[in-house]
Amino acid sequence: MVMELVCDYLSYLEIERGLSANTIAAYKNDLFLFFEFLGNIANMEDIKRSHLSDYIKHLGRNGANTATITRKIASIKGFFRYLCSVKEIKANPALSIASPKVSKKLPKVMTMSEIEKLFKEKMDTRELAVFELLYATGLRVSELVNLDIKNIDFKNDTIRTIGKGSKERVIPIGTKAKTALKSYLKEREINLQLSNSKKRDETRVFLNNFAEKITRQWVYCFIRNLGDIIHKSISPHTIRHTFATHLLENGADLRVVQELLGHANIVTTQLYTHISKKHLKDVYFAING
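Below is a short write-up of the structure. (Residues numbered from 1 in each chain as written. Predicted model: local features only at pLDDT ≥ 70, side-chain atom pairs only at ≥ 80, totals over all residues. Heavy atoms only, no water.)

**Focus: the pairing of strand 3 (residues 168-172)**
- Of the two faces of strand 3, the one holding Arg169 and Ile171 is buried and the one holding Glu168, Val170 and Pro172 is not buried anywhere.
- Looking at chain direction, strand 2 (residues 158-162) and strand 3 are connected through five bridges and run antiparallel. Bridge pairing links threonine 161 to arginine 169 in strand 3.
- Once strand 2 ends, the chain turns through five residues before running back antiparallel as strand 3, passing glycine 165 with a positive phi of about 65 degrees. (Buried < 20%, exposed > 50% of the residue type's maximum accessible area, 1.4 Å probe, protein only. Helix = DSSP H or I, 4+ residues; strand = E, 2+ residues; numbered from the N terminus. Pairing = 2+ DSSP bridges.)

**A word on helix 8 (residues 175-194)**
- With 20 residues, helix 8 should reach 28 Å at 1.5 Å per residue; the first-to-last C-alpha distance of 29 Å fits that figure.
- Buried within helix 8 are the following residues: Ala177, Lys178, Ala180, Leu181, Tyr184, Leu185, Arg188 and Leu192. Looking straight down helix 8, one finds that the buried residues subtend no more than 155 degrees of arc, so they occupy a single side. Turned more than 90 degrees away from the buried face of helix 8, the exposed residues are Thr175, Lys176, Lys186, Gln193 and Leu194. (Expected span 1.5 Å × (residues − 1). Arc of directions from axis to C-beta.)

**Digging into empty space enclosed by the protein**
- According to the stated counting rule, one finds one cavity of 30 Å³ or more in the structure shown.
- Its volume calculated, the largest cavity comes out at about 60 Å³.
- Lining the largest cavity we find Phe34, Leu52, Tyr55, Ile56, Leu59, Lys72, Ile73, Ile76, Lys77, Ala94 and Ile97.
- At the level of secondary structure, the elements contributing two or more residues to the lining of the largest cavity comprise helix 3 (49-61) and helix 4 (66-85).
- Across the lining of the largest cavity, the residue classes break down as nine nonpolar, no polar and two charged. (1 Å grid on protein atoms, 1.4 Å probe; cavity = no way out; pocket = protein on both sides within 12 Å on 5 of 7 lines; lining within 4 Å. Points joined across faces, edges and corners; volume = space filled by probe spheres on them. Nonpolar A, V, L, I, M, F, W, Y, C, P; charged D, E, K, R; others polar.)

Take a look at the structure:
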C-alpha cells in the first residue's frame, strides 16, 4: 500500500507537474530511503511527526550535510501534502517539520573586463557562437545543446527554449550573438552536407565535426579552457550567473531577469542582487582603501 501511494505520487509529479525524469528519480530515492528507515509501516496514518524527527536525526548522525537533509525533507513534505490533497490521510505529520537553514553561497561571476578579454581570444565559428549565445541569453547548458534550428527567429531576434519543468520562454538575442550565430550556421550547413554519419542531426543548432549534436561535456570542456585564460575556474553556469549579474548592474528590472532566466520564484533571482552589491563594495574599497 505504501509503495503504491509513492508510485501514484511519482506519476502525479510526471503527468500533472511536468517534472523532469532526473527530478522524479531524486524524489523516488528520497522517499524509498525514508520508508526503508521506518521499516514495516503499512498504514500512512501510523506515521507521526516523531518518525520524521527521528529520520532527520538519523541523517545527521550518518553525515548528511544541511543541503541534503533540506532536500530530503522537501521530498517528504511534498509527498505528505499530496496524500492530504487526495484524502489518503487526515493530518499531515510533516506540516510543522522545519528545514535546517542552508547558508547560500554567492555564485561565482566574471567581471566585464574578463568577459571582454575572452571575446578577444581566437575562437572558431562554433565556439564563438556558443560563447556569445551563453552570455547573451543566460541559457542553461542543457538548453543550449538541445536548442533547435526551428526555435531561432532572426526576424524578431529571439530564441525559444524549453527549460526546467518543460516551461517555455522566449529570449531576445543581441546583434553580436546574432552575427556569430549566422556565421556558424553557414559553416554548419556545409558540415551537414558533407557528413555521412548515421547520427547526423539536422534539427539541433550546435553540432560537432561529424554533424552530430554536441555534448554537455564538450561545452564544459570548452568553457573550462576559456577560464584558464583568465586564471579562473568557470563553467557554463558561471556565464549564466554573469549574464544575470551584468544585467542587474546595468539597471535591468529584477522581474525581467527572472523571466529571462526562467526562474519559477523571484527569490532565486534576488540572489543576484547580493552579487551586484558585493561587486559595488569591492570596487569602492579597491578605490578608497
